[in-house]
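# Working through the structure, step by step
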Amino acid sequence: MKIPVRIRSESLYTLIYTSLYQGCTKGSHTDEAPKVEPQAPKPSPNVNLTMTSDQGATETYSSLSRTTGAATPTIASSAPAEPIPPAAEEEDDPSVPVTPGTICRRKGCGKSFVSDEVSRGDGEESVCTYHPLPPIFHEGSKGYLCCKRRVLEFDEFLKIGGCKQGRHLFAPKEKEAKTEEFIDCRVDHYQTPAEVHVSVFAKQTDKDRSVVQIETDKIHLDLYFQGTKRFRRSIDLFGPVNPEASSFKYFGTKVVELTLKKQDNRSWALLEKTDRQVPVNLTFGVGGRTGTIGAKEIILDDENASKIRS
């Protein structure tokens, strides 16, 4: 009675196995495993992969588009970063007196000035250990660009010792002044029976350094601008003015306006005095650069009046 049960169990097992793992191809029986040939990967129809190698044996894979032909790097090579160029360091001026207790200006030093013999001599106290480059703060880490040490706490950052030795910096040497560049500015004017208004079109004038002087028969303009630009000019006036009653003012950053009070009410043919003969035919109103605003008639001196009568 046991044999039929065993046969039925094997038949049931075979039935379950064949139903789950039924093959899809017919052929002869064999005890060797089937050979599977490796298939080459199919590249994208629009992208080709290229591989390059640099001197550091670092491989870089790029995707090359068939349409544009431009290579787009997907894995950047670990090329060494370019070294930071050395910054121009300031030098101490030993001719400038320093008050005892003055702190050295170099980063990371922190020593105080004692005397010229101690802090500027040849002893150990004259040696400055400092950081030549500025500090860097990135994602919580703190350090200096000139050395590799990085810390998280600010107190530890203040304790980072310098990485270079040199001389202390208590009184920096003054930098050499750059050569001044003299420029031209447009000078325009108009007049009324009692005043002459002069406009100097000077953009971004430095009011603290500029100088405007008004004399009886002359004005002096010495205007400074940003950088090394400068405008300087002296104008001999066509007629006499009253310096005490005259004035000047800076308007915004473009114009310097001078108001010159005439000593007499005669009309000016020009702003600047000249030796050549000037015709006395002036325009009135706003038109013309020598126009007289608000005047009904020309007011002339005796010399010019005699020219018109003749």
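Each residue is numbered by its place in its chain's sequence as written, counting from 1. In keeping with the model being predicted, local features are shown solely for residues with a pLDDT of at least 70 and side-chain atom pairs are shown and tallied solely at 80 or more, while totals for entire chains, interfaces and linings include all residues. No hydrogens and no water enter the side-chain calculation; it runs on all heavy atoms of the structure.

## Brief notes about the overall build of the protein
- From N to C terminus, the protein includes four helices and 16 strands.
- Two residues form a contact once any of their heavy atoms are found within 4.5 Å. Excluding contacts between residues fewer than 6 apart, the proportion of contacts in the protein whose partners are at least 24 apart in sequence is 49%.
- Accessible area for the protein stands at about 23,200 Å²; split by element, carbon and sulfur atoms hold 53% of it. Under the DSSP-based scheme used, a helix requires at least four consecutive residues in state H or I and a strand at least two consecutive residues in state E, with every element numbered from the N terminus. With residues, only the protein chains shown are counted as cover, and all accessible areas are computed by Shrake-Rupley using a 1.4 Å probe.

## Quick look at the packing of aromatic side chains
- Aromatic contacts are taken between Phe, Tyr and Trp rings whose centres are within 6.5 Å, Trp giving its six-membered ring; a plane angle under 30 degrees counts as stacked, one over 60 as edge-to-face, and the others as tilted. As enumerated under the stated definition, the model contains six aromatic pairs in all.
- Taking 5.1 Å as the distance between ring centres and 75° as the angle between the ring planes, the aromatic pair formed by Phe-113 and Phe-170 counts as edge-to-face. Of the two residues, Phe-113 is situated in the loop between strand E3 (71-73) and helix H2 (116-119) and Phe-170 in the loop between strand E8 (164-167) and strand E9 (181-182); the sequence distance between them amounts to 57 residues. No difference in accessibility class separates Phe-113 from Phe-170, as the two residues are buried.
- Seen from their ring centres, Tyr-144 and Phe-157 are 5.2 Å apart, and the 20° between their planes marks the pair as stacked. You can see Tyr-144 sitting in strand E6 (residues 141-144) and its partner Phe-157 sitting in helix H3 (residues 154-158), a full 13 residues away along the chain.
- Note on exposure labels: buried denotes an accessible area under 20% of the residue type's maximum, exposed denotes more than 50%, and partly exposed covers the range between, all computed with a 1.4 Å probe on protein chains only. For Phe-157, a relative accessible area of 5% puts it in the buried group.
- Whether a charge sits over a ring comes down to the Lys NZ or Arg CZ being within 6 Å of the ring centre and within 35 degrees of the ring normal. Over the face of the ring belonging to Tyr-130 we find Arg-106, whose NZ or CZ atom lies 4.7 Å from the ring centre.
- The ring of Phe-201 is capped by Arg-186, whose NZ or CZ atom sits 3.9 Å from the centre of that ring.

## A word on the sheet that holds E9
- Taken in spatial order, the four strands line up as E9-E14-E13-E12 in an open sheet, and their pairing is mixed. If you trace the sheet from one side to the other, it starts and ends with E9 and strand E12 (211-214), each paired once.
- At least two bridges found by DSSP between two strands is the condition for calling them paired. As judged from the two bridges shared by E9 and strand E14 (residues 229-236), these two strands associate in the parallel manner. Directly across from Glu-181, in E14, lies its bridge partner Lys-229.

## Topic: the pairing of strand E4 (residues 127-130)
- Residues of E4 alternate between two faces, with Cys-128 and Tyr-130 buried on one and Val-127 and Thr-129 left unburied on the opposite face.
- Relative to E8, E4 runs antiparallel, the two sharing four bridges. Bridged to Val-127 within E8 is Arg-167.

## A few points about the pattern of salt bridges
- We define a salt bridge as a contact between a side-chain nitrogen of Lys or Arg and a carboxyl oxygen of Asp or Glu at a distance within 4 Å. Under the counting rule described, the total for this entry stands at 12 salt bridges.
- Among the salt bridges present, the one from Lys-173 reaches Glu-91, with a minimum N-O distance of 3.5 Å. On the criterion of sequence distance, the pair formed by Lys-173 in the loop between E8 and E9 and Glu-91 in the loop between E3 and H2 is long-range, its members being 82 residues apart.
- Asp-236 is the partner of Lys-218 in a salt bridge, and the nearest nitrogen-oxygen pair spans 3.6 Å. Linking Lys-218 in strand E13 (residues 218-224) with Asp-236 in strand E14, this pair joins segments that are 18 residues apart in sequence.
- Put simply, Glu-89, Arg-106 and Lys-164 are held in one network by salt bridges that share partners.

## Description of the side chain of Arg-120
- Tracing the chain through its elements places Arg-120 in the loop between H2 and E4.
- Within the structure, Arg-120 has its side chain in polar contact with the backbone oxygen of Val-96 (distance 3.1 Å).
- Leave out the neighbours within four places in its chain, and Arg-120 touches Asp-92, Asp-93, Pro-94, Val-96, Val-98, Phe-113, Ser-115, Ser-126, Arg-167, Phe-170 and Ala-171. N or O atoms within 3.5 Å of each other form a polar contact, as long as, within protein, one can give a hydrogen and the other can take it, and as long as residues adjacent in sequence are counted only when both atoms are side-chain atoms.

## Considerations on the sheet that holds E6
- Strand order in this open sheet of three strands is E5-E6-E7, and the pairing throughout is antiparallel. Among the strands making up the open sheet, the edge pair consists of strand E5 (135-138) and strand E7 (150-151).
- Here E5 runs beside E6; their pairing, made up of four bridges, is antiparallel. Along E6, the bridge assignment pairs Ile-136 with Gly-143.

## A look at the confidence of the model for the protein
- Scored between 0 and 100, pLDDT is the confidence that the predictor attaches to each residue. For the protein, per-residue confidence averages 76 on the pLDDT scale, and residues scoring 70 or more make up 64% of the total.
- Segment residues 281-294 is flagged for pLDDT under 50; beyond a separation of four residues in sequence, or across chains, it makes 34 contacts in the model.

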